[in-house]
Amino acid sequence: MKGIKYLVPAEDAQPVMAEGNRSTEGKIIYVTLTGLPLSILLKWPFHKSTSGADFWVLHADVRLEGSQGLHAPVAVNLSATLREVLPSLGPKDALSPVINALRKEVDKRQVEFVKSGKLVPVHFSSRHYDFKRNQWMFGKALDETIATFLERKIYWQTKLVGGDVWLGDATEAQYLQSTSDHVAEIANTHLAARGLIKLARRYATAEPALMARAEEFESAAEAALAELEKKHAFERG
């Protein structure tokens, strides 16, 4: 799997942090729980549907990194019910849940990656929100799942972008239905303790022991893509 493209625009990204020569500015790789490395271009702003339906639309391009140009052009359709939950439709309030809704649809094999293709609707609705607890709901990840996720995240970010990997991103914690503190704790106890990374103030540096597992991580991504393509081929008949 080869090739690199672009992601969420810098001006729409989460607040960045820098320490010395370290910075989270630039490309962010969003790994799915199935192991696929994605970059996501969100074309702000949301706009009211022109079809007469009661929803708002945000166009996006989900790119499968490491592939030969595979991507999924999508239209994120925000329901009226979920619109009431969001303080605003700007990146400050909507960026993280939109990214995670798109990742969850990839996890569920609802998004097909192609080299070209028409815009596909993705429903951003109340199924992504727990109204009883007033919190986003993308599926609670067990500690073992978080550890595997972090290994893949750090591997792909290091390979495709380079530099240290910021593990304090609230978007990642939301996707795992966890907290940034707990994610950092897992990184320390499950990865740093095994010599896979160096961890300093939530910046992870991949060690050779982690990067040496390239075949494992890339095989997982290839298997996830194969399952996704198999589903869509079946649906096409």
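In case you missed it, the structure is sitting above this.
Cut-offs used in this document
- Residues numbered from 1 in each chain as written.
- Predicted model: local features only at pLDDT ≥ 70, side-chain atom pairs only at ≥ 80, totals over all residues.
- Heavy atoms only, no water.
- Helix = DSSP H or I, 4+ residues; strand = E, 2+ residues; numbered from the N terminus.
- Buried < 20%, exposed > 50% of the residue type's maximum accessible area, 1.4 Å probe, protein only.
- Contact = heavy atoms within 4.5 Å.
- Areas by Shrake-Rupley, 256 points an atom, 1.4 Å probe, with all protein chains shown as cover.
- Pairing = 2+ DSSP bridges.
- Core = buried A, V, L, I, M, F, W, Y, C linked by side-chain atoms within 4.5 Å.
- Expected span 1.5 Å × (residues − 1).
- Axes fitted to C-alpha atoms, helices over the stretch in contact; angles between N-to-C directions.
- Parallel < 35°, antiparallel > 145°, perpendicular 65-115°, else oblique.
- Nonpolar A, V, L, I, M, F, W, Y, C, P; charged D, E, K, R; others polar.

**Student:** Looking at this model, I keep getting lost on the overall build of the protein. Mind explaining?
**Tutor:** Assigned secondary structure in the protein consists of seven helices and 12 strands. Among the 237 residues that make up the protein, the fraction classed as buried is 49%. The long-range share in the protein, meaning contacts at least 24 apart out of those at least 6 apart in sequence, stands at 67%. Accessible surface for the protein amounts to roughly 11,400 Å². Of this, 53% is attributable to carbon and sulfur atoms.

**Student:** How do you make sense of the sheet that holds strand β10 (residues 165-166) when you look at a structure like this?
**Tutor:** Think of a sheet as strands paired side by side through backbone hydrogen bonds, with each pair either parallel or antiparallel. Within the open sheet, the three strands sit side by side as β10-β12-β11. Their pairing is antiparallel. For this open sheet the edge positions go to β10 and β11 (197-200), each flanked by a neighbour on one side alone. Bridging between β10 and strand β12 (residues 203-206) involves two bridges; their strand directions are antiparallel. Among the inter-strand pairings, W166 is bridged to a residue of β12, identified as Y203.

**Student:** I'm lost on the nonpolar core in this one. Help?
**Tutor:** General note: in soluble globular proteins, nonpolar side chains tend to be found buried as a group. Among the nonpolar cores identified, the biggest contains 65 residues, and L42, F46, L102, F113 and F124 are the most heavily contacted of them. Broken down by element, the residue count for this core peaks at eight residues, all from helix α3 (residues 143-160). Filtering out sequence-adjacent residues up to four positions away, F124 remains in contact with F46, V76, N77, L78, S79, L82, L86, P97, V98, A101 and W136.

**Student:** It is not clear to me how α3 should be interpreted in this structure. Could you clarify?
**Tutor:** Every α-helix winds through 3.6 residues per turn, so residues three or four apart in the chain are directed the same way. For α3, spanning 18 residues, the distance from its first C-alpha to its last is 26 Å, which sits close to the expected 26 Å at 1.5 Å a residue. Looking at α3, one finds that the buried residues are I146, A147, F149, L150, E151, R152, K153, I154, Y155, W156, Q157 and L160. Just downstream of α3, G162 is the residue with a positive phi angle, here 90°.

**Student:** Even after reading the chapter, I still don't get the packing of α3 against helix α5 (residues 180-191), so can you show me in this structure?
**Tutor:** To describe two helices that pack against each other, one gives the angle between their axes and the distance between the axes. With their axes 9 Å apart at the nearest point, α3 and α5 run at an angle of 80° to one another. Relative to α5, the element α3 lies roughly perpendicular. Note on element contacts: α5 touches α3 through H182, V183, I186, A187, H190 and L191, opposite D143, I146, A147, L150, E151 and I154. Tallied by class, residues from the contact of α3 with α5 come to eight nonpolar, two polar and two charged.

**Student:** Help me out: how do you make sense of the environment of Q174 in this one?
**Tutor:** Summarising the element assignment, Q174 is placed in helix α4 (residues 170-175). Taking the C-alpha atoms as reference points, Q174 and F138, separated by 36 residues in sequence, lie 7.5 Å from one another. Once residues within four sequence positions are removed from consideration, Q174 is found in contact with S96, P97, N100, W136 and F138.

**Student:** Would you mind going over the sheet that holds strand β5 (residues 55-64) with me for this structure?
**Tutor:** Taking strand neighbours across the sheet as the criterion, the five strands line up as β3-β4-β5-β6-β7 in an open arrangement whose pairing is mixed. Strands with a single pairing partner mark the edges of an open sheet, and in this sheet they are β3 (30-31) and β7 (120-124). Relative to strand β6 (residues 71-79), β5 is paired through nine bridges, and the arrangement is antiparallel. Looking at the pairing, R63 lines up with H71 of β6. Against the sheet, helix α2 (residues 91-107) touches β3, β4 (37-48), β5, β6 and β7, its axis set at about 130° to β4.

Remember that the coordinates give geometry; whether it matters functionally is a separate question.
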